[in-house]
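Structure assessment
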Amino acid sequence: MGTHENKAAAVAVHTHAIPGNHADAVAALLAPGFRNHDAAPGGDGGDEGLVATMHWYADAFEDQHVEVLHAVAEGDLVALHVELSARHTGHFRGVAPTGRRFRVREMHVLRFTEGRAAEHWCVRDESALVRALAHPAAVGVG
């Protein structure tokens, strides 16, 4: 698999599989031994932990949409700058459902092997998201 195919797979998993809560589609895009270096607290960092996090987000947020703002690929690495938007309909990090819509930006880097994601690193500011959900005047909530 080449750089173009890796980028397409990274975009697909972040824009369709994860926000759509499609565990089978996510599993098909992950290499055996997949490692998430920024797993949620209590997560195992493997594919099961990623799927559990995906389900956790689906329970907390409806109408998830991910827009890819930038996608850069070189060799076996793909970097994505994305914006997640959704409506807060379930408990998230101690914040009861507010029904509010929000937007939050994230950075992801994935390493591919044989066309499947083998490693993942992520930077997302969940504490800013919690503050935004708890305080509607905060940036990122619409």
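These numbers were taken from a predicted model, which means no experiment stands behind them.

What counts and what doesn't
Residues numbered from 1 in each chain as written. Predicted model: local features only at pLDDT ≥ 70, side-chain atom pairs only at ≥ 80, totals over all residues. Heavy atoms only, no water. Phe/Tyr/Trp six-rings, centres within 6.5 Å; stacked < 30°, edge-to-face > 60°. Lys NZ or Arg CZ within 6 Å of the ring centre and 35° of its normal. Helix = DSSP H or I, 4+ residues; strand = E, 2+ residues; numbered from the N terminus. Buried < 20%, exposed > 50% of the residue type's maximum accessible area, 1.4 Å probe, protein only. Polar contact = N/O pair within 3.5 Å; in protein donor to acceptor, adjacent residues only side chain to side chain. Contact = heavy atoms within 4.5 Å. Arc of directions from axis to C-beta. 1 Å grid on protein atoms, 1.4 Å probe; cavity = no way out; pocket = protein on both sides within 12 Å on 5 of 7 lines; lining within 4 Å. Points joined across faces, edges and corners; volume = space filled by probe spheres on them. Nonpolar A, V, L, I, M, F, W, Y, C, P; charged D, E, K, R; others polar.

**What about the packing of aromatic side chains?**
Enumeration according to the criterion identifies six aromatic pairs in this entry. Consider the rings of W56 and Y57, whose centres lie 5.5 Å apart with planes at 90°: the pair is edge-to-face. Ring pairs connect the aromatic residues W56, Y57, F61, F92 and F102, which therefore count as one cluster. Seen from the ring of F92, R93 lies directly overhead, with NZ or CZ sitting 6.0 Å from the centre.

**Some details on the side chain of Q64**
One can find Q64 in strand 2 (residues 61-74). Given the relative accessible area of 16%, Q64 is considered buried. Reaching out from Q64, the side chain makes a polar contact with the backbone oxygen of Y57 at a distance of 3.5 Å. A polar atom in the side chain of Q64 sits 3.4 Å from the backbone oxygen of F61. Not counting the four nearest positions on each side in its chain, Q64 is found in contact with P19, Y57, A58, L84, S85 and A86.

**A word on the side chain of S85**
Assignment of secondary structure puts S85 in strand 3 (residues 77-88). Those residues in contact with S85 that sit more than four places away from it in its chain are D63, Q64, H65, R101, F102 and R103.

**Some thoughts on helix 4 (residues 126-134)**
Within the span of helix 4, buried status applies to E126, L129, V130, A132 and L133. Across the axial projection of helix 4, the buried residues extend over an arc of 160°, all falling on one side. Where helix 4 is buried, its residues contact helix 3 (47-60), strand 2, strand 3, strand 4 (101-113) and strand 5 (116-124).

**Structural notes on the environment of G94**
Assignment of secondary structure puts G94 in the loop between strand 3 and strand 4. In sequence terms G94 and A23 are 71 residues apart; their C-alpha atoms lie 25 Å from each other.

**Brief notes about the layout of surface pockets**
For the largest pocket, the calculated volume is near 450 Å³. Every residue lining the largest pocket is counted, 29 residues in all, and those nearest its centre are L50, T53, H108, C122 and R124. Here the lining of the largest pocket gets five residues from one element, more than from any other, and that element is helix 3. Classifying every residue of the lining of the largest pocket by side-chain character gives 18 nonpolar, six polar and five charged.

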